[in-house]
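# Examining the three-dimensional arrangement
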Amino acid sequence: MVLKKKKEIQVDAFFLDRQQLEKLQTFSKDEEQNLASLLLHCAQLSNGIQQIQCIKQIIPLVKKMDQNSACDPMVKACLDILGETYFSLDVKNPLKKVLASSLNSLPEEFMTLAVQSFVCCLREELKIRDVYLYRKVLDNLASCMEDFSLGRASIKNLFEEVLQFLQKSLFDIQEENRKNNGNHIVQTQLMHDLLIAIKISMMLVQKLQENIQGSLWKHCESFVWQSMCSLLKSSANFLVDATLLQTVQTTSGLAVILFTKAMYEPVEELPSMISDLLLGSVKQAAMPVWFVSNCGTLCTEELPDSVRLFLCHGALAMLEWKDGSMGEKGEKLLLDIASVLLSLSSELKESSMATSLSRILVIWTTSALATLVSGSPDLKIKLNGNSDVIGKLLEYIYTHWEHPLDAVRHQTKLIFRNLLQIHRSTITGSNEKSDPFFARLIKRLLSLEWHVKGKYASLACLVECVGTESILQLDRTIPVQILDVMNDQSLAPYASDLLETMFTNHKAHFALSFQESTWIDQWHDIWVSPLLLILCEGNHDQTTYIIDYYLPKLLKCSPDSLNYMIRILQVSADANLGSGSTRGALGALMACLRTARAHGHLELASIMGNGLVSTECIKQGLVHQHNQVCIDALGLLCETHRSTEIVSMEEMQLIQFFIMYNLNSQSPSVRQQIVSLLRKLFCRIQESSQVLYKLEQNKTKQEVLENSTERHPLGILQQYKDFLSSVCDRLFEALFPGSSHPTRFSALTILGSVAEIFSFPKGQAQVFQLDQVMDSTRIQTLIQCLASTFEEVKVLAFGLLMKLCNVAFNLQDSADLALLFQAAMDLSTSTKPYDCVTASYLLNFLIHHKGLQHICLEKWVEHSPQIDEDTSVSTVEKNTLAVIKLLLVNVEEEILQARKSLLQAAASFPMYGRVRCITGALQQLPFNNLTLVAEWKEMVTRLILMSYKLSAVVSPVVQSSSPEGLIPMDSDSESTGRLKMILSEIQPQDTNDYFIQAKILKEHCKVESEKLDDQRPMESICSEIRG
């Protein structure tokens, strides 16, 4: 179990200006706390969290005040400052919500005064004319209308001013957007501001309906009516403006329907009017004059497809579909919307539009379900599964259930589920299981191939309606067919979800149908037995996906089925042990046990104690010839749903048994899994040990005596220590000279995990530390691993040495370290590439030794006593500087020799090794925290100069026309010409006569002349090596 670290909440503090502070200071009292002194103290705090605590004290203090205090100038001044503070805070600042929540509890006698203060502040906000500051005003309006009684009262008092501001903001933002055409960053910001303005307008109409109710405001000359007309006109223009963001158009569609609903009379005719809009059958003479004048762009025969889509969304979201309040005209509108949406499905192919359409279809099915509750018989007929609407909806589902977009696929599943519920609502009182529509659907789906992904979710929805038994009656082999599909990872998640729905429903059906528990055997035969057969004999991919996707869900549904699995697999385990290609019954048993324990359905001690699973059985799994069986058996011991579960003695013995036989696995993936599982075990030991230490500390002497028969915490901790010591002994034994690469990799990786996990802060109880079991022999073993020809073994050994750096140097005397340094310098000139890598790791290891300069470097390079005495310079920096200086001197000398003969350099002192050691030393240097800056500047200058010189020396070879190597033995004339060109490139850097004496070997030359020709270069080579 992993505990998420709590995210620290950041709250920006608010600050008052000088005038506000002076006003509070005037009214504050030193001898007692009043509202002014509390606000003054709050404003002087620099921590937002502390200010929140302070604000919460306001209302309790106000409630203690006298009722006559409402006339106190101090209260008026404080409420003014609270209002100014509220409107100045950012909408995302938690202080704003805390302040609103506190003011909601303001006593009634202070409410009028508070509303006056907030109205004054809001009026100032509404005077803002900068279009780029509108967003802050809009956010404040939204905050006032969200569960803030004081804010809502303020907007009611300034309703006309707010309407006027919203009209102006919509117009100004749109104009500013046009002016910035082409400036996409500014336009995006403005469009989001426009979206917020539309939403605030809708919120105002929805939440403050009492301000626009009645007939007086509908007079054409009233300010509210004209403002509503202006908002409607703006929304209609935004709806048809394809240059705006789609979210703006969608929201405008909602706004058009909402504003029209608020203004239209008689309300009963509204559904017919919207139907005419959607179907393009509007007769302008029959439409209200105000609608035509403000929404003339919508009163056309052919609206753009996107506009019709957004109007459908608006109608579904903004009209009341429950309780049949719109009558038959509402039912007709519902059917018209379905017709329009389904016709658009073949037109709107763009991804965002397709997603919107699928989401709106889900809303339509939800609205249809709500309407059917009190719908007419005619509507039930028109929405029956046999109707044209449902038929077209099914076609949409079949077309889109494998859509490339996840959102469309998910919405399609919801549409199908709602469609089934719609049909159920139309056949109330009939037998659903024998319904012809459901029967046809089941047969249609079962006839499809199992590779059709949409089939799975649809069948799962049908199971919820008619039950699993109805489907199994058609074909009892369906569970087996679905399990067979699970060898394809792309289908496995869909198949497992369907199986889970089916077996869960089937179990519930049996439990309701039968009083006794005898039905469980039948359920096992259908859902568990096929699973066990595949686990025993199935291929690797199929069994893996079934274990990952299906088995956990089955055990979650029926944890008691584990006993059945164990019993069946134990019977055949001896006869079917499996092979290298199949798990067999033993492998299936290990997989089931591992999964059950990892998900909390199994206590290992209990099944081993009551004899359900023997230790010998688990041992067989741990050394099974099928790799995955070994991993599952190890996972059974290492994985558990509780990270602090105590590791038993039996588990520790079995882990030791496993390590004895499995370190030499040839499969890299198996080695990685072994290391990962053992790491989980070590983490469990570490976490449970901390619990045991706390238990021991909290135990009284009496409790110790009473629980003496139980496992004592100290006893368990000692067992942990002995176990970890034994594991480390076995791992170091596996690192003997000549051990295989897989063994070394496994042993070093596991040792690295032990060193990392059991590294505690000082002062904390420690169950084990790797340095406690280290000696000079083991340090020497790790150093020898640096000589491995495999880079990853070098990396692991070096990393472990770094973790044990202090103890490693303490266990090595000066003579040993001097020899190591000498070996590193010798290896840095080796002609074998992996030797210089070993030298690099050795030097990087020795660089961390504080006495390196006195032990090894004194006879090689001169060093500054001032640097040695400077305690502010880190050991790594001092030693790295000295080692690089030594390597640089050697390289510079070798460059001079290489200028005379590249051949001698290649044979005796290849410079690559020195350079590799220099780069290796630089890589572990903390460049952002250097002390010897002057010395490093000089060193870097020398390194750059050396690099240029080295490049010039070796460039004739590495940049020649034959960088792979020179083989002067080609006999054809074309190759000979190319060889001469290569030799001419190299000759300026070569002072001997080896290359210039290469001859063309001719087929008809005499033997003696061949010998002579062959002898000349050999003599040259020998003389070159002798120097």
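Residue positions are counted from 1 within each chain, in the order its sequence is given. Thresholds applied to this predicted model are a pLDDT of at least 70 for local features of residues and 80 or more for the giving and counting of side-chain atom pairs; totals over whole chains, interfaces and linings are not thresholded and use all residues. As a rule here, side-chain values cover all heavy atoms of the structure and leave hydrogens and water aside.

### Thoughts on the overall build of the chain
- A tally of helices and strands in the chain yields 52 helices and 0 strands.
- Type-normalised accessible area, obtained with a 1.4 Å probe on protein chains alone, sets the label of each residue: buried when under 20%, exposed when over 50%, and partly exposed for intermediate values. Here the chain holds 1027 residues, and 51% of them are scored as buried.
- Taking the intrachain contacts of the chain between residues at least 6 apart in sequence as the baseline, contacts between residues at least 24 apart amount to 74%. Segments assigned H or I by DSSP are reported as helices when at least four residues long, segments assigned E as strands when at least two residues long, and all are numbered from the N terminus. Contacts: residue pairs with any heavy atoms within 4.5 Å of one another.

### Concerning the packing of helix H40 (residues 776-785) against helix H41 (residues 791-803)
- The axes are straight lines fitted to the C-alpha atoms, using for helices just the contacting stretch, and the angles between their N-to-C directions are given from 0 to 180°. Running from N to C, H40 and H41 point in directions that differ by 145°, and their axes come no closer than 8 Å. As for the relative orientation of H40 and H41, their crossing is left-handed in sense. Together, Ile779, Leu782, Ile783 and Cys785 of H40 and Val793, Lys794, Ala797, Leu800 and Leu801 of H41 make up the contact between the two elements.
- Polarity classes work like this: nonpolar for Ala, Val, Leu, Ile, Met, Phe, Trp, Tyr, Cys and Pro, charged for Asp, Glu, Lys and Arg, and polar for all others, with Gly in that last group. A class-by-class count of the residues in the contact of H40 with H41 yields 8 nonpolar, no polar and 1 charged. By convention, the crossing between two helices is left-handed when the near helix turns anticlockwise from the far helix through less than a right angle, and right-handed when the turn is clockwise.

### Thoughts on helix H30 (residues 561-573)
- Multiplying 1.5 Å by the helix residue count minus one yields the expected span of that helix. Given a rise of 1.5 Å per residue, 13 residues ought to cover 18 Å, and the 18 Å separating the end C-alpha atoms of H30 matches this to within 8%.
- Ser561, Leu562, Tyr564, Met565, Ile566, Leu569 and Ala573 are the residues of H30 that are buried.
- Those residues of H30 that are buried are in contact with helix H27 (519-527), helix H28 (529-537), helix H29 (540-557) and helix H31 (584-598).

### Side note on unusual backbone geometry
- Look at the link from Glu265 to Pro266: it is a cis peptide, with omega at -5°.
- With respect to the element layout, Pro266 can be found in the loop between helix H13 (246-263) and helix H14 (270-279).
- One non-glycine residue with positive phi stands out, namely Asp147, at about 50°.
- Along the polypeptide, Asp147 turns up in the loop between helix H8 (134-145) and helix H9 (149-157).
- What makes Asp147 exposed here is its relative accessible area of 68%.

### Here we look at the packing of helix H38 (residues 713-733) against helix H39 (residues 741-757)
- Two elements in contact, H38 and H39, have axes separated by 9 Å at closest approach and are oriented at 150°. The way H38 lies across H39 gives a crossing that is left-handed. Packed against H38, whose contacting residues are Cys728, Leu731 and Phe732, the element H39 presents Ala747, Ile750, Leu751 and Val754 at the interface.
- Considered class by class, the residues forming the contact of H38 with H39 number 7 nonpolar, no polar and no charged.

### Here we look at the packing of aromatic side chains
- Stacked, tilted and edge-to-face are the three classes assigned to paired rings of Phe, Tyr and Trp, where Trp is represented by its six-membered ring and a pair needs centres within 6.5 Å; plane angles under 30 degrees give stacked, over 60 edge-to-face, the rest tilted. Within this structure, the stated rule accounts for 23 aromatic pairs.
- Each ring, one from Trp290 and one from Phe291, has its centre 5.9 Å from the other, and the planes form 80°; the classification is edge-to-face.
- Classification of Trp290 by relative accessible area gives buried; the value is 16%.
- Look at Phe291 and you get buried, because its relative accessible area is 0%.
- Ring geometry for Phe437 against Phe438: centres 5.9 Å apart, planes inclined by 50°, an arrangement best described as tilted.
- For Phe437, a relative accessible area of 3% corresponds to the buried category.

### Side note on the side chain of Glu125
- Residue position: Glu125 is located in helix H7 (residues 108-126).
- Look at Glu125 and you get buried, because its relative accessible area is 11%.
- Within the structure, Glu125 has its side chain in polar contact with the side chain of Asn140 (distance 3.0 Å).
- Not counting residues up to four positions away in its chain, the partners in contact with Glu125 are Phe87, Lys136, Val137 and Asn140. By the criterion applied in these results, polar contacts are pairs of N or O atoms within 3.5 Å in which, for protein atoms, one can donate a hydrogen and the other can accept it, and in which residues neighboring in sequence qualify only through two side-chain atoms.

### Let's talk about the pattern of salt bridges
- We define a salt bridge as a contact between a side-chain nitrogen of Lys or Arg and a carboxyl oxygen of Asp or Glu at a distance within 4 Å. Within the structure shown, the criterion is met by 30 salt bridges.
- The salt bridge involving Arg476 is made with Glu469; its shortest N-O contact spans 2.6 Å.
- By relative accessible area, which is 43% here, Arg476 ends up partly exposed.
- Using a relative accessible area of 15% as the deciding quantity, one classes Glu469 as buried.
- Where salt bridges share partners, they join Arg583, Arg594, Asp632, Glu639 and Lys680 into one cluster.

### Examining the environment of Leu731
- Here Leu731 shows up in helix H38.
- Residues Leu731 and Ala747, spaced 16 residues apart in sequence, show a C-alpha to C-alpha distance of 5.1 Å.
- Discounting residues that sit within four places of it in the chain, Leu731 has contacts with Ile659, Leu663, Ala747, Ile750 and Leu751.

### What about the confidence of the model for the chain?
- By definition, pLDDT measures how confident the predictor is in each residue, and it falls between 0 and 100. Confidence in the prediction of the chain, expressed as mean pLDDT, is 85, and 88% of residues score 70 or more.
- In this model, residues 966-971 is a region of pLDDT below 50 whose contacts with residues beyond four sequence positions or in other chains number 12 contacts.
- Note that pLDDT drops below 50 for residues 988-1027; the model gives that stretch 38 contacts with residues more than four away or on any other chain.

### Some remarks on a nonpolar patch on the surface
- On the surface, a cluster of nonpolar side chains totalling about 300 Å² of accessible area is made up of Val623, Met660 and Tyr661.
- With respect to the helices and strands, Val623 occurs in the loop between helix H33 (615-622) and helix H34 (627-638).
- Note on Val623: relative accessible area 38%, which makes it partly exposed. Grouping into patches uses exposed residues only, defined as over 30% relative accessible area, and leaves out salt-bridged ones; the cut-off is 9 Å for like charges and 5 Å for nonpolar side chains (Val, Leu, Ile, Met, Phe, Trp, Tyr). Note that accessible areas follow from Shrake-Rupley with a 1.4 Å probe, and for residues the cover is restricted to the protein chains shown.

### So, the state of the cysteines
- Disulfides are defined as pairs of cysteine sulfur atoms found within 2.5 Å of each other. Enumeration according to the criterion identifies 0 disulfides in this entry.
- Unpaired in terms of disulfides, Cys229 finds its nearest cysteine sulfur in Cys295, a separation of 9.0 Å.
- Classification of Cys229 by relative accessible area gives buried; the value is 10%.

### Some details on the environment of Leu372
- Among the secondary structure elements, Leu372 is positioned in helix H18 (residues 351-372).
- Once residues within four sequence positions are removed from consideration, Leu372 is found in contact with Leu379, Lys380, Leu383, Ile422, Ser425 and Thr426.

### Points about the environment of Leu278
- One can find Leu278 in helix H14.
- For the pair Leu278 and Leu333, spaced 55 residues apart in sequence, the C-alpha to C-alpha distance is 9.3 Å.
- Ignoring sequence-local partners within four residues, the contact set of Leu278 consists of Arg308, Leu311, Cys312, Leu333, Ile337 and Val340.

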